[in-house]
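Coordinate analysis (summary)
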Amino acid sequence: MSEDRAAELQAVLEEMSEDADGAGMSATVLSPEGSWSGAIGTADASGRKVGVRDQFAIASVTKTIVATQVMQLVEAGELGLDDPAADYLPADLDFDSNGATIRHLLSHYSGIPDWFDDEFKEKLATRPGRSWRLAEVLATIEEDRWPAGETFEYADTNYNLLGLIIEQVTGRPLVDVLRDGVLGIDRIPRLIYQPDEAPSEPIAMPYAEPVSALEARGGTLPSLADSTSAGPAGALATDASSLAHWWQALCTGQLVSPESLTAMARDVETGERIDRYGDGHGLGLTNMTGSDARSFGYGGYNLGYLAWTACLPASGSVVVVLTNTTEVPEAWPRPLVAEVDCGEAGATP
């Protein structure tokens, strides 16, 4: 990418950080005209500035990576999208999966409530160093269910169950399956699954806290309590470049077949391409730019971080933006997306 173009992108990122009161931000753009990574803002209480190698927690962007692993198992014939989830859950799991299928879990149409509510957030904030077991997390969920397949209701619970299903089908820990599967590619050295894999310096601390707070947080981002409760719903951390290269691999068919990517990128309810219409939720994918650009991607939120990722198939570009705050303007990454060539030419999955 030319120096002038890189300077334009950096200027947009700096303005985005100013609009968020100087928050730490790191971004990567991969496009036909080349690649760019930039950073701005404060990483921690020492005043150190965020660099392009800083790791951030990415929360629910983890879901796309887990969904892609599920699709690999579907392609291998080890799972069926319309198989009941209960067929693959441990027989001794004391949990009502509501007759939901694998597709229902991937798309948040399971009818199963979420555990990540205000009460649970308070538990995460007050005891960040606690390690949660899956059974403890599931035990916090209310018993009420609504019919599977009828209503979209976003719930981390769906992906907690999918992680357990992956482990049951393969007979291996999820981190090992991911490392040999969808994370088994080059150019993603800073993309890690916590707490099995630990973050390493440089780290953009949540809300730019002191680096010493990492120990009290259990050594993971944003905390051990968060990573162990979320697990396959939100435990990954990364730098922007590693995440962008992973998304590029997904967008260009290196991880799943075109048919699988097409299934992932269609709204479950309408069947329309989510990259075009700005609404809806596919199988681990959604539209991240609304009407501003044709795209599919995912976003993440947890206590101290936001993550935003998108493939822009019309131009063949990937955009990733990470920040170590939750205090940002609405639609905060869109200025950077608007600066990336989002021409209408090109094919979409």
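Residues numbered from 1 in each chain as written. Predicted model: local features only at pLDDT ≥ 70, side-chain atom pairs only at ≥ 80, totals over all residues. Heavy atoms only, no water.

Averaged over the protein chain, the pLDDT score is 93; the fraction of residues at 70 or greater is 95%. The low-confidence segment residues 342-349, where pLDDT is below 50, has 21 contacts with residues more than four positions distant or belonging to other chains. (pLDDT = per-residue confidence, 0-100. Contact = heavy atoms within 4.5 Å.)

Before going further, it helps to examine the packing of helix 2 (residues 61-75) against helix 10 (residues 240-251). Two numbers describe a pair of packed helices, the interaxial angle and the distance between the axes. Put simply, helix 2 and helix 10 touch, their axes get as near as 12 Å, and they point 40° apart. Comparing their axes, helix 10 and helix 2 come out oblique. Between helix 2 and helix 10 lies a crossing of left-handed hand. Contacts between helix 2 and helix 10 involve Val61, Thr64, Ile65 and Thr68 from the first element and Leu243, Trp246, Trp247 and Leu250 from the second. The residue inventory of the contact of helix 2 with helix 10, partitioned by class, reads 6 nonpolar, 2 polar and no charged. (Axes fitted to C-alpha atoms, helices over the stretch in contact; angles between N-to-C directions. Helix = DSSP H or I, 4+ residues; strand = E, 2+ residues; numbered from the N terminus. Parallel < 35°, antiparallel > 145°, perpendicular 65-115°, else oblique. Left-handed = near helix turned anticlockwise from the far one by under 90°. Nonpolar A, V, L, I, M, F, W, Y, C, P; charged D, E, K, R; others polar.)

Together, Glu14, Glu15, Glu18, Asp19, Asp21 and Glu327 line one region of the surface with negative charge. Mapped onto the secondary structure, Glu14 falls in helix 1 (residues 3-19). The exposure class of Glu14 is partly exposed, given its relative accessible area of 33%. (Patch = residues over 30% accessible without salt bridge, like charges linked within 9 Å, V, L, I, M, F, W, Y side chains within 5 Å. Areas by Shrake-Rupley, 256 points an atom, 1.4 Å probe, with all protein chains shown as cover. Salt bridge = Lys/Arg side-chain N within 4 Å of Asp/Glu carboxyl O. Lys, Arg positive; Asp, Glu negative; His and termini not counted. Charge placed at Lys NZ, Arg CZ, Asp CG, Glu CD. Buried < 20%, exposed > 50% of the residue type's maximum accessible area, 1.4 Å probe, protein only.)

Moving on, we come to the state of the cysteines. Applying the stated rule across the entire model yields 1 disulfide. Through a disulfide, Cys251 is tied to Cys311; the S-S separation comes to 1.5 Å. Within this pair, whereas Cys251 is found in helix 10, its partner Cys311 is found in strand 7 (residues 305-312), the two being separated by 60 residues in sequence. Residue Cys251 is classed as partly exposed on the basis of its relative accessible area, which comes to 22%. (Disulfide = S-S within 2.5 Å.)

We now examine the layout of surface pockets. Reported here for the largest pocket is a volume of approximately 330 Å³. Lining the largest pocket are 19 residues, and of these Glu167, Tyr193, Thr228, Gly231 and Pro232 sit closest to its centre. Taken together, the elements giving at least two residues each to the lining of the largest pocket come down to helix 6 (156-170), helix 7 (174-180) and helix 9 (224-230). (1 Å grid on protein atoms, 1.4 Å probe; cavity = no way out; pocket = protein on both sides within 12 Å on 5 of 7 lines; lining within 4 Å. Points joined across faces, edges and corners; volume = space filled by probe spheres on them.)

Attention shifts here to unusual backbone geometry. Here Glu201 and Pro202 are connected by a cis peptide whose omega angle stands at 5°. Counting through the fold element by element, Pro202 comes out in the loop between strand 4 (192-193) and helix 8 (213-216). The omega torsion of the bond from Leu221 to Pro222 falls at -10°, within 30 degrees of zero and hence cis. If you trace the backbone, Pro222 turns up in the loop between helix 8 and helix 9. Here the phi dihedral of Asn98 falls at roughly 65°; this positive angle occurs in a residue that is not glycine. Along the chain, Asn98 falls in the loop between helix 2 and helix 3 (102-107). For Ala208, which is not a glycine, the phi torsion comes out positive at approximately 55°. Topologically, Ala208 is positioned in the loop between strand 4 and helix 8.

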